[in-house]
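# Examination of the molecular architecture
Listed here are the chains, written in short residue letters.
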Amino acid sequence: MNVVFAVKQYVSKMIEDSGPGMKVLLMDKETTSIVSMVYTQSEILQKEVYLFERIDSLNRETMKHLKAICFLRPTKENVEYLIQELRRPKYNIYYIYFSNVISKSDVKSLAEADEQEVVAEVQEFYGDYIAVNPHVFSLNLLGCCQGRSWDLAQLSRTAQGLTALLLSLKKCPMIRYQLSSDPAKRLAECVKQVITKEYELFDFRRTEVPPLLLILDRSDDAITPLLNQWTYQAMVHELLGINNNRIDLSRVPGISKDLREVVLSAENDEFYANNMYLNFAEIGSNIKNLMEDFQRRKPKEQQKLESIADMKAFVENYPQFKKMSGTVSKHVTVVGELSRLVGERNLLEVSEVEQELACQNDHSNAHQNVRRLLQNPRVTEFDATRLVMLYALHYERHSSNSLPGLLMDLKNKGVSEKYRKLVSAVVEYGGKRVRVSDLFSPKDAVAITKQFLKGLKGVENVYTQHQPLLHETLDQLIKGKLKDGQYPYLGPSTLRDRPQDIIVFIIGGATYEEALTVYNLNRTTPGVRIVLGGTTIHNTKSFLEEISASGFRGRGPETVQAAARSSSRR
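Being a predicted model, the structure only gives us computed values, none of them experimental.

A word on the packing of aromatic side chains. Evaluation of the coordinates by the stated rule reveals 13 aromatic pairs. Aromatic side chains F202 and F204 sit 6.2 Å apart centroid to centroid with 70° between the ring planes, which places their arrangement in the edge-to-face category. Residue F202 is classed as buried on the basis of its relative accessible area, which comes to 2%. The interplanar angle of 45° and the centroid separation of 5.4 Å between the aromatic rings of Y391 and Y395 together place this pair among those described as tilted. You can call Y391 buried: its relative accessible area is 0%. Judged by its relative accessible area of 4%, Y395 falls in the buried class.

Looking now at the packing of helix α18 (residues 417-430) against helix α22 (residues 540-549). Orientation of α18 relative to α22, taken along the N-to-C sense of each, is 75°, at an axis distance of 10 Å. Accordingly, the angle class assigned to the pair α18 and α22 is roughly perpendicular. On α22, the residues touching L422, A425, V426 and Y429 of α18 are F543, L544, I547 and S548. Per-class residue counts for the contact of α18 with α22 are seven nonpolar, one polar and no charged.

Looking now at a positive patch on the surface. Together, R148, R397, K432 and R433 make up a region of like positive charge exposed at the surface. Within the secondary structure, R397 sits in the loop between α16 (381-394) and α17 (403-412). Here R397 falls in the partly exposed class, since its relative accessible area comes to 47%.

Conventions used here
Residues numbered from 1 in each chain as written. Predicted model: local features only at pLDDT ≥ 70, side-chain atom pairs only at ≥ 80, totals over all residues. Heavy atoms only, no water. Phe/Tyr/Trp six-rings, centres within 6.5 Å; stacked < 30°, edge-to-face > 60°. Buried < 20%, exposed > 50% of the residue type's maximum accessible area, 1.4 Å probe, protein only. Axes fitted to C-alpha atoms, helices over the stretch in contact; angles between N-to-C directions. Helix = DSSP H or I, 4+ residues; strand = E, 2+ residues; numbered from the N terminus. Parallel < 35°, antiparallel > 145°, perpendicular 65-115°, else oblique. Contact = heavy atoms within 4.5 Å. Nonpolar A, V, L, I, M, F, W, Y, C, P; charged D, E, K, R; others polar. Patch = residues over 30% accessible without salt bridge, like charges linked within 9 Å, V, L, I, M, F, W, Y side chains within 5 Å. Areas by Shrake-Rupley, 256 points an atom, 1.4 Å probe, with all protein chains shown as cover. Salt bridge = Lys/Arg side-chain N within 4 Å of Asp/Glu carboxyl O. Lys, Arg positive; Asp, Glu negative; His and termini not counted. Charge placed at Lys NZ, Arg CZ, Asp CG, Glu CD.

Have a look at this one:
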């Protein structure tokens, strides 16, 4: 179950099927992203694809010596563009591939437009999603719901993306969904409908244990997307933002022209592939080892490499090293910038308090620590607001809840009203009233003992104590203990055996911390393969945008004070 491999195979097959000769790849906005995630331009060039064009670009030249490979989503607009294209063909011959199921009537319209008989074939290749990591996919959709209901266009796109994923992995699954979430139930029904309607496409060889699709809702765990991260991929997304494997470094002080935008892709960057799940400290020492290895082979280039700054200077001073390892100079720049932000924003201290808010139950200590950090001028308004959000979610119904005072502290710190309102918006989105799962307290004596022992031993790393709720959900699912009452099956049949192939999808977006959880479960649970998907992959910034886009506006601080008084009376 490797989603990168699945999409890559589709692209390779399209190019191979068109035979030898010079080709143009004609795509739309979305399929351009889908292809760029699994292939670099230079890799595709080697396959005789010399031109990349958008179907919606109006001033394309006529080039009758080229074959056209069209890879498009089956939307009304794209079918219309294709009809126009076929009436006045710019290329010699057309191989048309839709990324999802195309209706018979659309195929008929295309056939009627093809008066010059330039179409060699029309096929469906189900690469209709963004393959992020081998076990992670996204649909790049932000604001998929309005309140607690689907935006209908987004529901349709999500159902298409999810069914394409199942077809590309050749899985016809049983479906379970989170009962407390209306969007999860709606999506489960839509996917089921497609499977029933297109039953011939889903007629795969039966496996002994059927695959399982589990549909969850982000609002059940609003904590995970609010935390600072310390493993490489997650940290880069949190502090710099990853957009289709691209990182914008143009704001980095003194950045060189060729590093203003860099690509981080495990497919063609060995260092990134080996380090994306390691924590920040290990990455620094791994880069240092690479450089020292270079120095050993070139004894003249000896230079002390004590800090990130030394490494940056080293890369600048030795052009041949820079040439030999473009990837290393890229990672030195990225790690250098992460390191600068951690210092500038005081993130070690901030993160320690975040972890305490997420994992421990000591109210007075938590309250004191949050207040202390709100007074610190190095803590940004963004990080200050995030701390208050975590406090508000954890101690929402605590008898000594001091949220109004913390909101006052935010105001005194000069935090904008937009951010202060988001505190109550986050509670409205993922507070106690909404959650089925108990995010904060261990469920049973065993868990309490475990937590106590963990506390005695001293956690290996105070910055990574938190485990996403997804970890517990999947652990229960694998052990056959996930409650049918909370996560029912769609339809009469249930799974008797332990599941082997699990596709878990989070409406409202997944995170790279959850991707790490799934990666570790795949590594440590023999016989179980898990793929994680989400409407998008969030960092804190995009998660707060998701909440605003879904219509959770939050209330002003005065209304929060009144609400806090009434809830502490309950």
